Amino acid sequence: MSGSELGGGPEDLEPLGRGLVGLRRRALQELASVRIFSDQFLTKFLRARDLDVELSLKLLLNYQRWRRESPEISRCLSPSSVLGLLNTTYHAVLPQRDHSGSRVLIYRIGQWDPKDWLAFQVFSVSLMTSEIISMETETQTQGLKAIFDLQGWSLGHALQFNPSLARKISSVLSDSFPLKVRGIHLVNEPMFFQPVFAMIRPFLPDKIRKRIHMHGADFKETLSDFFSPSVLPPEYGGEGPGIEGVCQAWTNKLLQSEAVLQQIATHPTGDITIPPEDCWISETVEAEQLLEG
């Protein structure tokens, strides 16, 4: 794979190239059942661990183990199978990155009806998005920040969580997925969300715990300490496109990526056709204009 396909500046390519050679050799030794590790696949892990081969290998092995232990999620990366959930405007990736270059994701928990969708199906949406954005060069180096809007959280949501699911979620957040989690922001969190958070918290490393911020109901003022107004939708105190249009555009992006996600579900270590990054951003603007009209 050429330097242009790997992305990054010239200063990145020489150490990245050395890292690819070392990581491929170690991965083939550790995972004898896997015959192909593409540059594209290995690069995600190297950049997630700042080109440290041994740390990248540990992350890669954790990722492969997580996939084996969670086939109900990892082998069902189909946006069309959860279209009803996506159409509720449950989830979006904002079109503009934050000041540090991180992707910004929003999850609107109140849009999820626990009578219609199981927790593992909801979690699969997060995994699909993570797989798509982990192919972006800037996201590989600058990571992501997530906002969880817990308005509407109910007992029905809480009853779907158990220690097994909590462990799987915490693994993706910490040591089993090639993305740097730069921040987790909770807004509108009710008191009875605490038992679920207490279930997840012990599985998280200290560095992730320190990046969790609870904003409560008065979140618009405090979110502005972390995100510029141009990044956030008006519903979250910003000046960017409205949340419904952003959710619609990202839903379209996921649906357009169905074939890519199926490739990842079946052959994650091979070369994947990278979807264009800018098409859904223009769709966000178009969706916003339609809603305003």
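Refer to the structure presented above.
Values in this document were obtained by computation on a predicted structure and should not be read as measured data.

Chemist: Please provide a residue-by-residue account of helix 3 (residues 39-48), values included.
Modeler: Burial runs high along helix 3: 10 of the 10 residues are buried. Taken together, the buried positions of helix 3 are Asp39, Gln40, Phe41, Leu42, Thr43, Lys44, Phe45, Leu46, Arg47 and Ala48. Looking one or two residues beyond helix 3, the residue adopting positive phi is aspartate 50, at roughly 50°.

Chemist: Any chance you could break down the environment of methionine 199 for me, citing the residues and the numbers?
Modeler: Mapped onto the fold, methionine 199 is located in helix 11 (residues 194-200). Classification of methionine 199 as partly exposed rests on a relative accessible area of 25%. Each C-alpha atom of the pair methionine 199 and asparagine 162 lies 7.8 Å from the other, and the pair is 37 residues apart in sequence. Excluding residues that lie within four positions of it along the chain, methionine 199 makes contacts with Phe161, Asn162, Pro163 and Ala166.

Chemist: Summarise unusual backbone geometry; cite the residues concerned and give the values.
Modeler: A positive phi angle, close to 50°, is found at aspartate 50, a residue other than glycine. With respect to the secondary-structure elements, aspartate 50 resides in the loop between helix 3 and helix 4 (53-69). For aspartate 50, a relative accessible area of 59% corresponds to the exposed category.

Chemist: Run through the packing of aromatic side chains, naming residues and quoting values.
Modeler: Under the defined criterion, the tally for this structure stands at 13 aromatic pairs. With a centroid separation of 6.1 Å and 35° between ring planes, the pair formed by phenylalanine 37 and phenylalanine 41 is classed as tilted. According to the relative accessible area criterion, phenylalanine 41 is buried, its value standing at 1%. For the ring pair tryptophan 153 and phenylalanine 161, a centre distance of 5.8 Å and an interplane angle of 45° mean the geometry is tilted. This pair shows no difference in class: tryptophan 153 is buried, exactly as phenylalanine 161 is. By the ring-pair criterion, three or more aromatic residues cluster together here, those being Phe37, Phe41, Phe45, Tyr63 and Phe177.

Calculation notes
Residues numbered from 1 in each chain as written. Predicted model: local features only at pLDDT ≥ 70, side-chain atom pairs only at ≥ 80, totals over all residues. Heavy atoms only, no water. Buried < 20%, exposed > 50% of the residue type's maximum accessible area, 1.4 Å probe, protein only. Helix = DSSP H or I, 4+ residues; strand = E, 2+ residues; numbered from the N terminus. Contact = heavy atoms within 4.5 Å. Phe/Tyr/Trp six-rings, centres within 6.5 Å; stacked < 30°, edge-to-face > 60°.

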